[in-house]
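Summary of structural features
Each chain, written out:
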Amino acid sequence: MTEEREFSEAEEVTLETLEADGDLAADYLEGLLDIADLDGDLDITVENGRAYVSVTGGGQSIDRIANPDTVQALQDLTRLAVQAKTGRFSRLIIDVAGSRVARETQLTGMVDAAIAQIAAGRDEVRLEPMSSYERKLVHDQVADRGYHSESQGEGKGRRLVIRAA
């Protein structure tokens with residue numbers, strides 16, 4: 001087993017590196033879509049130190065693969081494909097038919113409900129297990145609202161616990 005090398009926060013990832021990761025990811029996803037006989041347009045952007053590849057268009061055929069578990073699996077496969085080409089870990093994000101925005105809206109609802117429960121007297125609220133990307137989004141939302149969150153558990157069972165600050 002080879003050792004994965006992940007970028008540290010202090011290590012600078014260049015715009016060119018992120019764009020190259022996006023291009024490699026788009027090529028890989030285009031191949032997968034062709035194999036699955038799915039239509040879709042690919043858009044590549046770079047934001048917040050990450051390459052984002054969005055699959056849009058394609059109508060109902062793309063909607064079939066826009067659920068969070070499938071998008072996460074596509075992201076994992078695509079990251080592995082980019083890593084195989086570059087020899088380094090990539091933090092790229094894949095979105096299919098706006099599923100990330102829809103999931104962010106769901107996560108915001110979970111945070112709203114959890115904070116309401118804490119305001120009503122609960123000591124803590126444990127959220128459902130979620131991916132590291134989703135946990136990061138929730139950590140940020142919770143902190144922005146003046147509450148505290150921490151991740152607990154391992155692997156697919158890792159979840160956030162929210163408490164008053």
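Our subject is the structure that appears above.
Worth saying up front: this structure is predicted, and the values here are computed from it rather than measured. (Residues numbered from 1 in each chain as written. Predicted model: local features only at pLDDT ≥ 70, side-chain atom pairs only at ≥ 80, totals over all residues. Heavy atoms only, no water.)

A few points about unusual backbone geometry
To be explicit about the condition: Note on conventions: DSSP H or I runs of at least 4 residues are helices, E runs of at least 2 residues are strands, and numbering of each starts at the N terminus.
Phi at Asp37 takes a positive value of approximately 55°, unusual for a residue other than glycine. Relative to the helices and strands, Asp37 is located in the loop between helix H1 (15–35) and strand E1 (41–47). Residues other than glycine seldom take positive phi values, yet Asn48 does so here, at roughly 50°. With respect to the secondary-structure elements, Asn48 resides in the loop between E1 and strand E2 (50–56).

Some thoughts on the nonpolar core
As a reminder, the rule being used: The criterion is simple. A nonpolar core is a set of buried Ala, Val, Leu, Ile, Met, Phe, Trp, Tyr and Cys residues joined through side-chain atoms within 4.5 Å. Burial classification: accessible surface area is computed with a 1.4 Å probe over protein chains only, and a residue below 20% of its type maximum counts as buried, one above 50% as exposed, and the rest as partly exposed. Any pair of residues with heavy atoms lying within 4.5 Å of one another is described as a contacting pair.
Grouped together as the largest cluster of nonpolar side chains are 17 residues, with contacts concentrated most on Ile62, Ile65 and Val96. Only H1, E2, helix H3 (68–86) and strand E3 (93–96) provide two or more residues apiece to this core. The dominant element in this core, judged by the number of residues it contributes, is H1, at four residues. In contact with Ile62, other than residues within four places in its own chain, are Leu33, Leu38, Asp39, Gly40, Val55, Gly57, Val96 and Ala97.

Re helix H5 (residues 132–144)
Threshold: Helix span, as expected, comes to 1.5 Å for every residue beyond the first.
The terminal C-alpha atoms of H5, which comprises 13 residues, lie 18 Å apart, in line with the 18 Å expected from a rise of 1.5 Å per residue. For H5, every residue scored as buried is listed here: Tyr133, Glu134, Arg135, Val138, Gln141 and Val142. As for H5, its buried residues are in contact with E2, E3, helix H4 (99–119), strand E5 (147–152) and strand E6 (159–164). Gly146, located one to two residues past H5, shows a positive phi value of around 85°.

Quick word on the sheet that holds strand E4 (residues 124–126)
The criterion, for reference: Only strands joined by at least two bridges in the DSSP assignment are considered to pair. To define axes, lines are fitted to C-alpha atoms, for helices over the stretch in contact only, and angles between the resulting N-to-C directions are given on a 0 to 180 degree scale.
The strand order across the open sheet formed by three strands is E4-E6-E5, and the pairing between neighbours is antiparallel. Pairing within the sheet leaves two strands with one partner each, and these edge strands are E4 and E5. This sheet shows a mean twist of 20° between the axes of neighbouring strands, independent of strand direction. Relative to E6, E4 runs antiparallel, the two being bridged by three bridges. Directly across from Arg126, in E6, lies its bridge partner Val161.

Considerations on the packing of H3 against H4
Applicable threshold: Comment on the angle field: the value is read as roughly parallel under 35 degrees, roughly antiparallel over 145, roughly perpendicular from 65 to 115, and oblique elsewhere. Here a crossing is called left-handed whenever its near helix is offset anticlockwise from the far helix by less than a right angle, and right-handed whenever the offset is clockwise.
Where H3 meets H4, the axes come as close as 10 Å, and the angle between the chain directions of the two elements is 125°. Overall, the two elements H3 and H4 adopt an arrangement that is oblique. Crossing geometry of H3 relative to H4 is assigned as left-handed. In contact with Pro68, Val71, Gln72 and Gln75 of H3, H4 contributes Ser99, Arg100 and Arg103.

By themselves, these are just geometric observations and shouldn't be taken as functional.
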